[in-house]
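In case you want the letters, here they are:
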Amino acid sequence: MVDLQGIAEAVIRGDRDSVGSMTQAAVDEGVSAEQIINEGLIAGMGVVGTKFKANEFYVPEVLIAARAMHAGMNIIKPLLAASGVQPRGTIAIGTVKGDLHDIGKNLVAMMMEGGGFEVLDLEVDVAPEKFVAAVKDSGAQIIALSALLTTTMPSMKDTIEALKEAGVRDQVKVMIGGAPVTQNYSDEVGADGYSPDAASAVDKANELLGL
Ligand code: B12
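The present account deals with the structure reproduced in this document.

Conventions used here
Residues numbered from 1 in each chain as written. Predicted model: local features only at pLDDT ≥ 70, side-chain atom pairs only at ≥ 80, totals over all residues. Heavy atoms only, no water. Near = heavy atom within 4 Å. Polar contact = N/O pair within 3.5 Å; in protein donor to acceptor, adjacent residues only side chain to side chain. Helix = DSSP H or I, 4+ residues; strand = E, 2+ residues; numbered from the N terminus. Nonpolar A, V, L, I, M, F, W, Y, C, P; charged D, E, K, R; others polar. Buried < 20%, exposed > 50% of the residue type's maximum accessible area, 1.4 Å probe, protein only. Contact = heavy atoms within 4.5 Å. Donors = N, O, S within 2.8 Å, 3.2 Å for Na, K, Ca; no water. Pairing = 2+ DSSP bridges. Axes fitted to C-alpha atoms, helices over the stretch in contact; angles between N-to-C directions. Right-handed = clockwise from strand over helix to strand, strands pointing away.

1. Observations concerning the site of the ligand
Of all residues adjacent to the ligand, which total 27 residues, the nearest are Leu 100, His 101, Asp 102, Ser 146 and Thr 150. At a separation of 3.0 Å, a nitrogen atom of the ligand approaches a polar backbone atom of Gly 98. Ser 146 places a side-chain nitrogen or oxygen 2.7 Å from a nitrogen atom of the ligand. Contributions of two or more residues to the shell around the ligand are made by helix H5 (103-114), strand S3 (142-146), strand S4 (173-177) and helix H9 (198-208). For the shell around the ligand, the element with the highest residue contribution is H5, accounting for 4 residues. Split by residue class, the shell around the ligand holds 16 nonpolar, 8 polar and 3 charged.

2. Some thoughts on the environment of Met 111
For Met 111, the position within the fold is in helix H5. Judged by relative accessible area, Met 111 falls into the buried class, the value being 6%. For the pair Met 111 and Leu 63, spaced 48 residues apart in the sequence, the C-alpha separation amounts to 9.5 Å. Look past the residues within four positions of Met 111 in its chain and what remains in contact with it is Met 45, Gly 49, Val 62, Ala 198, Ala 199 and Val 202.

3. Considering the coordination of the cobalt atom of the ligand
In this structure the cobalt atom of the ligand is ligated by exactly one protein donor, His 101 (NE2), at 2.2 Å. Structurally, His 101 is set in the loop between strand S1 (90-95) and H5.

4. Section: the sheet that holds S3
Through backbone hydrogen bonds, the strands of a sheet pair up, either in parallel or in antiparallel fashion. An order of S2-S1-S3-S4-S5 is seen for the 5 strands of this open sheet, with the pairing classed as parallel. Each of the sheet's edge strands pairs with one partner strand only, and the pair in question is strand S2 (118-121) and strand S5 (193-194). Packed onto the sheet, helix H6 (residues 128-138) meets S1, S2 and S3 and runs at close to 155 degrees relative to S3. Running at roughly 155 degrees to S3, helix H7 (residues 154-165) makes contact with S3 and S4 of the sheet.

5. Concerning the pairing of S3
Of all 5 residues in S3, 5 are buried, a share of seventy percent or more. Burial of the side chains of S3 extends over both faces: Ile 142, Ala 144 and Ser 146 are buried on one face and Ile 143 and Leu 145 on the other. Relative to S3, S1 runs parallel, the two being bridged by 5 bridges. The partner of Ala 92 across the bridge, within S3, is Ile 143. Summarising the sheet, S3 and S4 pair through 5 bridges and their orientation is parallel. Across the sheet, Ser 146 pairs through a bridge with Gly 177, a residue of S4.

6. Observations regarding the pairing of S2
For a regular strand, the rule is simple: side chains alternate between the two faces of the sheet. For S1 and S2, the ladder comprises 4 bridges, and the chain directions are parallel. What sits directly across from Thr 90, in S2, is Glu 118. Between the parallel pair S1 and S2, the chain is carried across by H5, and the sense of this crossover is right-handed.

7. Considerations on the side chain of Thr 23
Following the sequence through the fold, Thr 23 ends up in helix H2 (residues 16-28). Among the residues examined, Thr 23 registers a relative accessible area of 0% and is labelled buried. From its side chain, Thr 23 meets the backbone oxygen of Val 19 in a polar contact 2.6 Å long. When sequence neighbours within four positions are dropped, the list of residues in contact with Thr 23 reads Ile 7, Ser 18, Ile 36, Leu 41, Gly 72, Ile 75 and Ile 76.

Structure, rendered in C-alpha cells:
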C-alpha cells in the first residue's frame, strides 16, 4: 500500500534510505510522479521550511532533509519528462562575482527544488554576464543572487544593470538575499524581491510568478 505521507515524514526525518525505498515502491505501484512529488517530497520539504522559519530546525537538519528529498527526486526525475509534469518555473541561482560563500545559496537552491522549481545552479563568483547568458539560454523566469560580503553586494546592482543593457530585464524577476542584504537594499538596487531565509525564498518565488 502506497504511503505518500510516509515519504513526507521520512523527508522531514532526513531518512534518505526510506525516502528512496518508499518512492520506488510508489513508482512500482503506479502512483504518478506528480502525486509522489506533491504529496510526498514537496509536502515534506514544506514542513521542513516551516520548521526552519520557526527556528525548530537549523541548517544541518535542512541539509539532511534536502539530501533525503534528492534520493526521491533521483528516482522520479527520469519519469517526469515521460509524464509531462511541468516544473513551477526555472530559477537560475548563483553567488555574485567575487563571493565564494555558497552554503546559504545551496540551501535556497534545495528549498526551491523542494518547492517544485527547476534550478539551474551557476555556483559561485558569478559575473553579471553569466546571469544574463542564463536568462537568454535557459529561459529562466527568476534569477536569484546571493551575497555574503558587503564588498560584493554592489555586484547585485551591476547584474541588474547588465540585464537592462542586454534588453532582458523585463523577461525575468530578480530575487536577492544573503546575510548583509535587506529589503531596503533590494528596493535601492531595483530587485523584484528579497527574502531573509531559504524557506521564505520559495514563498517569494511563487509570489513573483503569481503562483
Ligand atoms: C562559512 C563562512 C566562510 C567560508 C565559506 C564556505 C562556503 N562554502 O560557503 C569561507 C571560510 C570560505 C569564508 C571566506 C571568507 N569570508 Co566568510 N563567513 C562564513 C560565515 C562563518 C558563515 C556564512 C554561512 O554560510 N552562513 C550560513 C548560511 C545558511 O546563511 P546565509 O549565507 O546568510 O544564507 C541564508 C540567508 O541569508 C538566505 N540567503 C542566502 N542567499 C540567498 C539568496 C537569495 C536569492 C535569497 C532570497 C536568500 C538567500 O537564505 C539562507 C538560508 O536561510 C560568515 C559569518 C556568519 N555567521 O554569517 C562569514 C562572513 C560572511 N565571512 C566574512 C569574510 C570577511 C570572509 C573573507 C573575506 C575572509 C578572508 N579575509 O579571507 C573570505 C571571503 C572569500 C570570498 N571571496 O567569498 C565576513 C563578511 C563581512 C562583511 N560584512 O562583508 C563574515 C560575516 C564573517 C565576519 N563576521 O567577519 N567564509
